[in-house]
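Structure assessment
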Amino acid sequence: MQQHYHSVTLDVDKCKGCTNCIKGCPTEAIRVRNGKAHILDNKCIDCGECIRICPNSAKYAATDSISRLKEFKFKVALPAPSLFGQFKEGTSTKNIIYALKKIGFDEVYEVPLAAEEVTIAIREYINTHKDIRPLISSSCPAVMRLIQVRFPELIKNIIPIKSPMEIAARRAKEILTKEYGYKAEEIGVFFISPCPAKATSVRQPIGSDKSHVDGVISISGIFGDIVKNLDGEEFESIFSSSSGLGIGWGRAGGENLAIGGDNYLAVDGIHNCIEVLEEVEMNKLFDIDYIECQACIGGCIGGALTVESQYIARVKIRRLSEKIGSNSPIDKNKVVEQFENGYFNLEGKILPKSSLKLDDDLVEAIRKMELLEKTVKDLPGLDCGSCGSPNCRALAEDIVKGQANEEDCIFKLRDRVKHLAGEMYDLAQKLPPTMDTKER
């Protein structure tokens, strides 16, 4: 069995067992037992919805500290496109790159630059592979894990192109190895991330054996240090600067805008993604060429590890993109050639993840499934969450697995107490037969 790694983590001491998280989780990956939440490894997709919704800050993302830079001879920052929308109006990309240099990075490779390359690769793939429709973007790891867990039939629809983060890390190491003679293991490449799913994808890549990224630092964790150093532009990187098309990837619809098609669909928000994927599963969107799915409302600018309101960040990203313009430094012909040689392709298959495994034995699993359906019918169907499971079907699943009892349902418990109270009353009226009628 594959070990599951998750960036989203629970602080048990802060958890009050309020059940808010179990209702907001899109994959029903959380239960509350004995007054504390519990995350199910086989269902969690690290979307960060529980981090957003928890009123007690009991959920958090386990990311890397900037102190990890000491482990490498040469340190490279990979700022996500969404990072450039977190600062006050008028802050340039050069201001931010200069600040990252002052914090401790030796170089900065803009992920938006890699996004422009991936844009070309996606366009080529869409034009040369017309057998499957719609194709689904692979840029959001939370959506990819959602498909693995809830929509395994749609894995074939995921476009097998690596994310801009992975391409940026690979490019940075290739150039630095060639220019400065460093060994790949001496170069530490750190992604500045808006979401916990990226941290998970580095530790446990989808469709690849190993990530080119060495660590993930959250935007919220490094934001203060950047703000303190936004006072210059003098740092000149050996890497090219991205255009507005790449930076636009930070907001919902930016990927489709860069690709430039007119038969594409953009959807943001994990619950909205689920609705669209259900439509795809029912073959209702076969006439759409490409779907850009982003787990966070507003796209990456709405990630759980960002600091700015996604509504404000959306405007900042748009204005910054327009100001920089769309003149990309990328050699399109070279990218197309590398695409044809498989440079941008995922190396391995994307495999489904079983989230409902009742038993290893098939016969016993079928018996348990029948019992599950019967248990669901016996429950009230109100999906109140008082039992610690997100809905009645999830409770039935937990009961069949031996992880819960029918009396965990407050309505079943009430009926049981009422029945017991009736039996106790009847027993209280009974007297030994040796007593006469008057005594009775």
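Residues numbered from 1 in each chain as written. Predicted model: local features only at pLDDT ≥ 70, side-chain atom pairs only at ≥ 80, totals over all residues. Heavy atoms only, no water.

1. Details of the overall build of the chain
For the record, the criterion: Numbering of helices and strands runs from the N terminus, with a helix taken as a DSSP run of H or I at least four residues long and a strand as a DSSP run of E at least two residues long. A simple rule labels every residue: compare its accessible area, found with a 1.4 Å probe on the protein chains alone, to the largest value its type can have, and call it buried under 20%, exposed over 50%, or partly exposed in between. The criterion used for residue contact is that any of the two residues' heavy atoms lie within 4.5 Å. Residue-level accessible areas treat just the shown protein chains as cover; the underlying method is Shrake-Rupley with a 1.4 Å probe. The charge count treats Lys and Arg as positive and Asp and Glu as negative. His and the chain ends do not count. Each charge is placed at NZ for Lys, CZ for Arg, CG for Asp and CD for Glu.
For the chain, the count of helices and strands is 16 helices and 11 strands. Taking the principal axes of its C-alpha atoms as reference, the chain extends roughly 105 × 50 × 40 Å. Relative to its 440 residues, the chain shows a buried fraction of 51%. Restricting to contacts in the chain with at least 6 residues of sequence separation, those with at least 24 account for 78%. For the chain, the accessible area works out to roughly 21300 Å², and carbon and sulfur atoms hold 50% of it. Of the charged side chains in the chain, 58 are positive and 63 negative; the average position of the first set lies 3 Å away from that of the second.

2. Some points on empty space enclosed by the protein
If a probe the size of a water molecule is rolled over the atoms, the empty space left behind becomes visible. The condition that has to hold: Of the two site types, the cavity is a set of points on a 1 Å grid over the protein atoms alone where a 1.4 Å probe fits but cannot get out, and the pocket is an open set with protein on both sides within 12 Å along at least five of seven lines, each lined by residues with an atom within 4 Å of a point. Grid points are joined across faces, edges and corners, and a volume is the space filled by probe spheres set on the points. Residue polarity is assigned by list, with Asp, Glu, Lys and Arg as charged and Ala, Val, Leu, Ile, Met, Phe, Trp, Tyr, Cys and Pro as nonpolar; anything else, Gly included, falls into the polar class.
Across all of its chains, the model carries 8 cavities of 30 Å³ or more by this definition. The calculated volume of the largest cavity comes to roughly 200 Å³. Contributing to the lining of the largest cavity are 18 residues, with S163, E166, S201, I206 and L346 lying nearest its centre. Counting residues per element, the ones that place at least two in the lining of the largest cavity are α5 (141-150), α6 (164-180) and α7 (196-203). Taken together, the residues of the lining of the largest cavity sort by class into 7 nonpolar, 7 polar and 4 charged. Approximately 150 Å³ is the volume attributed to the second largest cavity. Looking at the second largest cavity, it is lined by 15 residues, and the ones nearest its centre are P81, S139, K198, W249 and C300. Listing elements by their share of the lining of the second largest cavity, those giving two or more residues are α4 (111-128) and α6. Among the residues making up the lining of the second largest cavity, the classes are represented as 11 nonpolar, 2 polar and 2 charged.

3. Looking at the nonpolar core
Put simply, the test is: For this analysis, a nonpolar core means a set of buried residues of the types Ala, Val, Leu, Ile, Met, Phe, Trp, Tyr and Cys, connected via side-chain atoms within 4.5 Å.
Of all hydrophobic cores here, the largest spans 43 residues; its most connected members are V76, L78, Y109, I122 and I161. For this core, the element with the most residues is α4, which contributes 10 residues. Beyond its immediate chain neighbours, meaning those up to four positions away, L78 contacts Y109, V111, M165, A168, A169, V189, F190, F191, I192 and V213. Among the nonpolar cores identified, the runner-up in size contains 31 residues, and I45, I136, V276 and L285 belong to it.

4. Thoughts on the sheet that holds strand β7 (residues 135-136)
What counts is decided by this rule: For two strands to be treated as a pair, DSSP must find at least two bridges joining them.
Read from one edge of the open sheet, 3 strands run β7-β11-β10, paired in parallel fashion. The strands lining the two open edges of the sheet, one partner per strand, are β7 and β10 (264-268). Two elements, β7 and strand β11 (residues 290-294), share 2 bridges in a ladder whose sense is parallel. Counterpart to L135 in the pairing with β11 is Y290.

5. Focus on the pairing of β10
Both β10 and β11 contribute to a ladder of 5 bridges, which runs parallel. Each bridged residue has a counterpart across the sheet, and for D268 the counterpart in β11 is Q294.

6. Examining helix α3 (residues 93-103)
Most of α3 is tucked away: 8 of the 11 residues are buried. Within the sequence span of α3, burial applies to T93, N95, I96, I97, Y98, A99, L100 and I103. Looking at the packing, one finds that the buried side of α3 touches β5 (74-79), β6 (107-108), α8 (219-228), α9 (244-247) and α12 (310-324). Among the residues trailing α3, G104 stands out with phi positive, at a value near 145°.

7. A short note on the sheet that holds strand β9 (residues 215-218)
Strand pairing in a sheet relies on backbone hydrogen bonds. The paired strands run either parallel or antiparallel. Convention followed: Lines fitted to the C-alpha atoms define the axes, with helices restricted to the stretch that makes contact. Angles between their N-to-C directions range from 0 to 180 degrees.
Spatial ordering of the open sheet is given by β6-β5-β8-β9, a layout of 4 strands whose pairing is parallel. Looking at which strands have only one partner, the edges of the open sheet turn out to be β6 and β9. Of the strand pairs in this sheet, strand β8 (residues 187-193) and β9 are connected by 4 bridges, and their pairing is parallel. The partner of I192 across the bridge, within β9, is I217. Most of the contacts of α8 go to β9, to which it runs at about 65°, and overall it touches β8 and β9.

8. Considering the layout of surface pockets
The calculated volume of the second largest pocket comes to roughly 410 Å³. Counting only elements with at least two residues in the lining of the second largest pocket, the list comes to α4, α6 and α13 (332-340). Among the elements that make up the lining of the second largest pocket, the one with the highest residue count is α6 (4 residues). Tallied by class, residues from the lining of the second largest pocket come to 8 nonpolar, 2 polar and 6 charged.

9. Focus on the pattern of salt bridges
Counted only if it meets this: Here, a salt bridge means any side-chain nitrogen of Lys or Arg that lies within 4 Å of a carboxyl oxygen of Asp or Glu.
Summed over all chains, the structure comprises 23 salt bridges. Ionic pairing is found between E174 and R170, a salt bridge with its closest N-O pair at 3.2 Å. On the criterion of helical spacing, the pair formed by E174 and R170 is a turn pair, its members being 4 residues apart in helix α6. With a relative accessible area of 23%, R170 lands in the partly exposed category. Put simply, K374 and D378 hold a salt bridge, and the shortest N to O gap is 3.3 Å. One end of the pair is K374 and the other is D378, both in helix α14 (residues 362-378) and 4 residues apart, which spans about a single turn. Ionic contacts of the salt-bridge type, sharing partners, join the residues E117, R170, R171 and E174 into one network.

10. Let's talk about the packing of aromatic side chains
Going by this rule: Put simply, two rings from Phe, Tyr or Trp (the six-membered ring, in Trp's case) pair if the centres are within 6.5 Å, and we call them stacked under 30 degrees between planes, edge-to-face over 60, tilted for the rest.
On inspection of all chains with the given rule, the structure shows 9 aromatic pairs. Taking 5.8 Å as the distance between ring centres and 80° as the angle between the ring planes, the aromatic pair formed by F72 and F190 counts as edge-to-face. Taken together, the residues F72 in the loop between β4 (59-61) and β5 and F190 in strand β8 connect sequence positions 118 residues apart. Judged by relative accessible area, which is 13%, F72 ranks as buried.

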